[in-house]
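Chain by chain, the residues run as shown.
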Amino acid sequence: MRLGIHVHVRGGYVAAIEHAARIGAQAVQIFSSTPRSYRVAPPDEQALTNFRQLRDDAGIAPTIIHSSYLINLASEDPKIVAGSLRLLQHDLNVAAAGGIRYVNTHLGSYGSRARTEGFSAACTALQRVLEEIPRDVFLLMENSAGAGQLCGGTLEELGRFIHGVDHPQLGVCLDTAHAWAAGYEINSQRGVDDFLYEAAEQIGLDRLHLFHLNDTQVELGANRDRHWHIAEGNIGFAGFRALAARPELKDKTGILETPGDVADDERNMRMIQMIFSGASP
Ligand SMILES: [Zn+2]
Ligand SMILES: [Zn+2]
């Protein structure tokens with residue numbers, strides 16, 4: 001797997017890419033430039049040109065935009081859906097302008113709606129976004145921790161989105177911490193093999209582009225979204241080593257979204273590289 005990390009661009013693109021390159025990241029994820037509102041500003045062309053240049057000089061690829069947490073494609077409120085579509089379209093345009101391959105999004109929540117009704121509304125919203133998706137950009141749906149009425153907590157449901165929407169630029173990102181919280185016991189080779197078997201059956205491995213590699217301290221099936229340092233939580237060394245052992249994942253990308261500061265990033269990056277290199281601790 002190509003291994004990378006989520007970086008913050010508060011200090012500017014230069015600092016973010018330098019940080020990523022210094023700790024050996026091969027891929028980088030950034031938050032969308034969109035603030036926490038449904039309003040969007042036009043892409044900053046100069047900043048994007050800088051980002052692209054720095055990233056290419058550092059040999060970092062692919063890059064990913066993580067869209068706004070406000071996005072909810074299953075909401076019963078048409079204003080929220082319209083705002084979500086605008087945010088996603090904005091991120092897809094920024095991605096196209098910046099040579100960024102993926103836009104990763106959470107799907108949202110069904111709220112008080114019946115799941116079947118929410119599901120078909122979310123499919124329609126995805127179809128709308130994909131009608132205008134720029135070439136060479138993929139829209140990825142991230143699995144959720146499965147709490148309450150959240151969409152996309154199961155491989156089966158993500159698969160139904162993939163097949164229901166049926167667009168070649170729609171794919172999936174699997175977050176290991178969310179999968180564990182949703183009840184997938186991925187802390188052993190057996191557990192990971194079962195998980196990937198089901199992912200292949202329901203989604204198709206060709207649609208699976210990205211992993212978010214996060215450990216977690218929550219109990220299996222707790223439905224809580226809490227990220228923790230690699231090999232220091234309940235997925236543990238064995239779970240990540242089991243993912244590393246699967247040859248069909250070698251062309252995929254894995255991004256750390258682990259907590260903490262620069263020193264934590266460095267430690268987590270070293271740990272995941274060691275695990276994927278097959279070396280012993
Ligand atoms: Zn994630
Ligand atoms: Zn999370």
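Here the structure is a predicted model, which is why all the values come from computation and not from measurement.

Chemist: What's the story with the coordination of the zinc ion (ligand 1) in this structure? I'm lost.
Modeler: Note on metal geometry: ideal angles are 109.5 degrees for four donors arranged tetrahedrally and 90 or 180 degrees for six donors arranged octahedrally. Looking at the zinc ion (ligand 1), the protein donor atoms are Glu142 (OE), Asp175 (OD), His212 (ND1) and Glu257 (OE), and they sit 2.1 to 2.3 Å from it. Of note is the zinc ion (ligand 1), whose four donor atoms meet at the metal with angles of 88 to 177° in an arrangement that counts as irregular. The class for histidine 212 is buried, based on a relative accessible area of 0%.

Chemist: Whenever I open this one, the pairing of strand β5 (residues 138-142) confuses me. Can you help?
Modeler: When you tally the buried positions in β5, you get five out of five residues, the bulk of the element. Alternating residues of β5 divide into Phe138, Leu140 and Glu142 and Leu139 and Met141, and every residue in both groups is buried. Examined bridge by bridge, strand β4 (residues 102-105) and β5 share four bridges and lie parallel to one another. Each bridged residue has a counterpart across the sheet, and for threonine 105 the counterpart in β5 is methionine 141. Handedness of the crossover is the feature at issue here: the chain leaves β4, passes through helix α4 (residues 115-131), returns alongside β5, and the resulting connection is right-handed. Handedness of the crossover joining β5 and strand β6 (residues 170-175) through helix α5 (residues 155-165): right-handed.

Chemist: What should I look at first to understand the environment of methionine 271 in this one?
Modeler: Relative to the helices and strands, methionine 271 is located in helix α9 (residues 262-277). Residue methionine 271 is classed as partly exposed on the basis of its relative accessible area of 25%.

Chemist: Looking at this structure, how should I read the coordination of the zinc ion (ligand 2)?
Modeler: The protein atoms donating to the zinc ion (ligand 2) are His178 (NE2), Asp225 (OD), Asp225 (OD) and His227 (NE2), with metal-donor distances spanning 2.0 to 2.7 Å. For the zinc ion (ligand 2), the four donor atoms are set out with angles of 52 to 143° between them, so the coordination reads as irregular. For the zinc ion (ligand 2), the donor residues sit on a single chain with the sequence spacing H-x46-D-x1-H. Between the zinc ion (ligand 2) and the zinc ion (ligand 1) the interatomic distance comes to 4.5 Å. For aspartate 225, a relative accessible area of 38% puts it in the partly exposed group. For histidine 227, a relative accessible area of 23% corresponds to the partly exposed category.

Chemist: How should I be thinking about the pattern of salt bridges in this particular structure?
Modeler: When charged atoms on two side chains of opposite charge get close, those side chains can pair. Applying the stated criterion across every chain yields a total of eleven salt bridges. Residues arginine 190 and aspartate 194 are paired through a salt bridge, measuring 3.9 Å at the closest nitrogen-oxygen approach. With a gap of four residues between them, arginine 190 and aspartate 194 both fall in helix α7 (residues 189-202), about one helical turn apart. A salt bridge links aspartate 193 to arginine 246; the nearest nitrogen and oxygen atoms lie 2.5 Å apart. Taken together, the residues span a long stretch of sequence, with aspartate 193 in helix α7 and arginine 246 in the loop between α8 (236-244) and β8 (253-256) at a distance of 53 residues. When salt bridges that share partners are traced, they join Asp193, Arg246 and Glu248 into one network.

Chemist: Please explain the sheet that holds β8 as it appears in this structure.
Modeler: Neighbouring strands of a sheet are bound in pairs by backbone hydrogen bonds; such pairs are parallel or else antiparallel. The sheet built from eight strands closes into a barrel, its strands ordered β1-β2-β3-β4-β5-β6-β7-β8 with parallel pairing. Going across the sheet, the axis of each strand differs from the next one's by a mean of 30°, ignoring polarity. Across the face of the sheet, helix α3 (residues 78-98) comes into contact with β3 (63-66), β4 and β5 while running at roughly 155° to β4.

Chemist: Please clarify how the packing of aromatic side chains should be interpreted in this entry.
Modeler: Both the distance between ring centres and the angle between the ring planes are used here to describe each pair of aromatic rings. Scanning all chains against the criterion turns up five aromatic pairs. Between tyrosine 102 and phenylalanine 138, the ring centres sit 5.8 Å apart and the planes meet at 45°, which makes this aromatic pair tilted. Linking tyrosine 102 in strand β4 with phenylalanine 138 in strand β5, this pair joins segments that are 36 residues apart in sequence. Using a relative accessible area of 5% as the deciding quantity, one classes tyrosine 102 as buried. Over the face of the ring belonging to phenylalanine 119 we find arginine 160, whose NZ or CZ atom lies 4.6 Å from the ring centre.

Chemist: Explanation requested: the pairing of strand β7 (residues 208-213) in the structure shown.
Modeler: Two faces, one strand: in a regular strand the side chains alternate between the faces of the sheet. Along β7, six of the six residues are buried, which leaves the element largely enclosed by surrounding structure. Handedness of the crossover joining β7 and β8 through α8 is recorded here as right-handed.

Chemist: Explain the environment of phenylalanine 240 here, please?
Modeler: When you line up the elements, phenylalanine 240 lands in helix α8. Linking phenylalanine 240 and proline 281, residues 41 residues apart in sequence, is a C-alpha distance of 13 Å.

Chemist: Sorry if this is basic, but what is going on with α4 here?
Modeler: An α-helix turns once every 3.6 residues. As a result, residues three or four positions apart point the same way. For α4, which comprises 17 residues, the first-to-last C-alpha distance of 24 Å matches the rise-based estimate of 24 Å (1.5 Å per residue) to within 8%. Along α4, the residues classified as buried are Gly118, Phe119, Ala122, Cys123, Ala125, Leu126, Val129 and Leu130. Around the axis of α4, the buried residues are gathered within 165° of arc, so they sit on the same side. Away from the buried face of α4 by more than 90 degrees, exposed residues Thr116 and Glu131 are located. On its buried face, α4 is in contact with α3, β5, α5 and β6.

About the cut-offs
Residues numbered from 1 in each chain as written. Chains lettered and ligands numbered in written order. Predicted model: local features only at pLDDT ≥ 70, side-chain atom pairs only at ≥ 80, totals over all residues. Heavy atoms only, no water. Donors = N, O, S within 2.8 Å, 3.2 Å for Na, K, Ca; no water. Tetrahedral: all angles 85-135°; square planar, octahedral: opposite > 155°, others 65-115°. Buried < 20%, exposed > 50% of the residue type's maximum accessible area, 1.4 Å probe, protein only. Helix = DSSP H or I, 4+ residues; strand = E, 2+ residues; numbered from the N terminus. Pairing = 2+ DSSP bridges. Right-handed = clockwise from strand over helix to strand, strands pointing away. Salt bridge = Lys/Arg side-chain N within 4 Å of Asp/Glu carboxyl O. Axes fitted to C-alpha atoms, helices over the stretch in contact; angles between N-to-C directions. Contact = heavy atoms within 4.5 Å. Phe/Tyr/Trp six-rings, centres within 6.5 Å; stacked < 30°, edge-to-face > 60°. Lys NZ or Arg CZ within 6 Å of the ring centre and 35° of its normal. Expected span 1.5 Å × (residues − 1). Arc of directions from axis to C-beta.

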